[in-house]
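What follows is the residue order along each chain.
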Amino acid sequence: LGQLKTRSGDTAAAEALYLAAQKAWPQEVRWSKALVELYLAMEDEAKLVAPLETLAGLEVDNVVVRKKLAQLALKRRDFAEAARWARSALWIDVTDAEMLHFAGAALVLSGKLDVASEEYGWAVELRPAATGWQLEWAKVLVQGGQKAKAREVLESLLRADPENEGAAALLKFLQAAP
């Protein structure tokens, strides 16, 4: 019935049906999934969070849900929450370089430079060709006072990509600094 209401354009009725079903059967994932689909179709990111969080609790190995929650949190500028969901996704797939990079970026924005640096390091190790990530990592290292390690990262980056102007400029700056 909810699908029929959605197809007919009566999203409010569909939402009411799905919410009632979710309340009646809270352990049944299909109602949360239906709400997610509905809110995605409606492009209502504010409402999307609650059913995604419910799904994350019901499907403990669903990395896609955690990635979406991390992205939504970052969009809301809730950096701590973005980092939390990114790291939750990493508990499921520790080799997800994109999520390691995402977690690093969210942790930087949360002011946790040491932990962010570790996440960037793992992301770069898993995807060494991502030269943009290497430059970001070097900047985080500089911010965190790890200038020697930043120089190493930049030198490695410039060996792989000698034309990288950002890396060359940052390395030049570091070499000129005491």
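Residues numbered from 1 in each chain as written. Predicted model: local features only at pLDDT ≥ 70, side-chain atom pairs only at ≥ 80, totals over all residues. Heavy atoms only, no water.

> Sorry if this is basic, but what is going on with the side chain of N62 here?
Relative to the assigned elements, N62 resides in the loop between α4 (45–58) and α5 (63–75). Within the local environment of N62, its side chain forms a polar contact with the backbone nitrogen of V64, the two atoms lying 3.2 Å apart. (Helix = DSSP H or I, 4+ residues; strand = E, 2+ residues; numbered from the N terminus. Polar contact = N/O pair within 3.5 Å; in protein donor to acceptor, adjacent residues only side chain to side chain.)

> Hey, could you run me through the nonpolar core in this one?
Looking at soluble globular proteins, one finds that nonpolar side chains tend to be buried together. Of all hydrophobic cores here, the largest spans 52 residues; its most connected members are Y18, L52, L69 and L154. In terms of residue count, the dominant contributor to this core is helix α7 (residues 97–109) (7 residues). For L52, the contacting residues outside a window of four places in its chain are V36, V65, K68, L69 and L72. (Core = buried A, V, L, I, M, F, W, Y, C linked by side-chain atoms within 4.5 Å. Buried < 20%, exposed > 50% of the residue type's maximum accessible area, 1.4 Å probe, protein only. Contact = heavy atoms within 4.5 Å.)

> Looking at this structure, I do not really get the pattern of salt bridges. What am I missing?
Between side chains of opposite charge, a pair can form as their charged atoms come close. A complete count under the given rule lists 8 salt bridges for this structure. Among the ionic pairs, K67 bridges to D96, the shortest N-O distance being 2.7 Å. Linking K67 in helix α5 with D96 in the loop between α6 (79–92) and α7, this pair joins segments that are 29 residues apart in sequence. On the basis of relative accessible area, D96 is assigned to the buried category, the value being 11%. For E152, the salt bridge identified is with K149, shortest N-O distance 3.8 Å. With a gap of 3 residues between them, E152 and K149 both fall in helix α10 (residues 147–160), about one helical turn apart. (Salt bridge = Lys/Arg side-chain N within 4 Å of Asp/Glu carboxyl O.)

> So what exactly am I meant to see when it comes to the packing of aromatic side chains here?
Working definition: an aromatic ring pair is given by the centre-to-centre distance plus the angle between the planes. Using the criterion set out here, one finds 2 aromatic pairs in the structure. Between Y18 and W31, the ring centres sit 6.4 Å apart and the planes meet at 35 degrees, which makes this aromatic pair tilted. In this pair, Y18 sits in helix α2 (residues 11–24) while W31 sits in helix α3 (residues 29–42), placing the two residues 13 residues apart along the sequence. Across the pair, exposure class does not vary: Y18 and W31 are buried alike. Through a chain of ring-to-ring contacts, three or more aromatic side chains come together here, namely Y18, W25 and W31. (Phe/Tyr/Trp six-rings, centres within 6.5 Å; stacked < 30°, edge-to-face > 60°.)

> What is the right way to read unusual backbone geometry from this model?
Glycine aside, a negative phi is what most residues show, and trans is what most peptide bonds show. A positive phi angle is found at E43, which is not glycine, with a value near 60 degrees. Of note, E43 is situated in the loop between α3 and α4. Overall, E43 belongs to the exposed group, its relative accessible area being 70%. The phi dihedral of R77 falls on the positive side, at around 65 degrees, and the residue is not glycine. Residue placement: R77 occurs in the loop between α5 and α6.

> Would you explain the environment of K68 in this entry?
Structurally, the position occupied by K68 is in helix α5. The exposure class assigned to K68 is partly exposed, which follows from its relative accessible area of 27%. Sequence spacing of K68 and A86 is 18 residues, and the spatial spacing of their C-alpha atoms is 9.1 Å.

> I would appreciate a short explanation of the environment of Q22 in the present structure.
For Q22, the location among the structural elements is in helix α2. In this structure the C-alpha to C-alpha distance between Q22 and K33, which are 11 residues apart in sequence, comes to 9.9 Å. In this structure Q22 touches W31, S32, L35 and T54, once residues within four positions along its chain are discounted.

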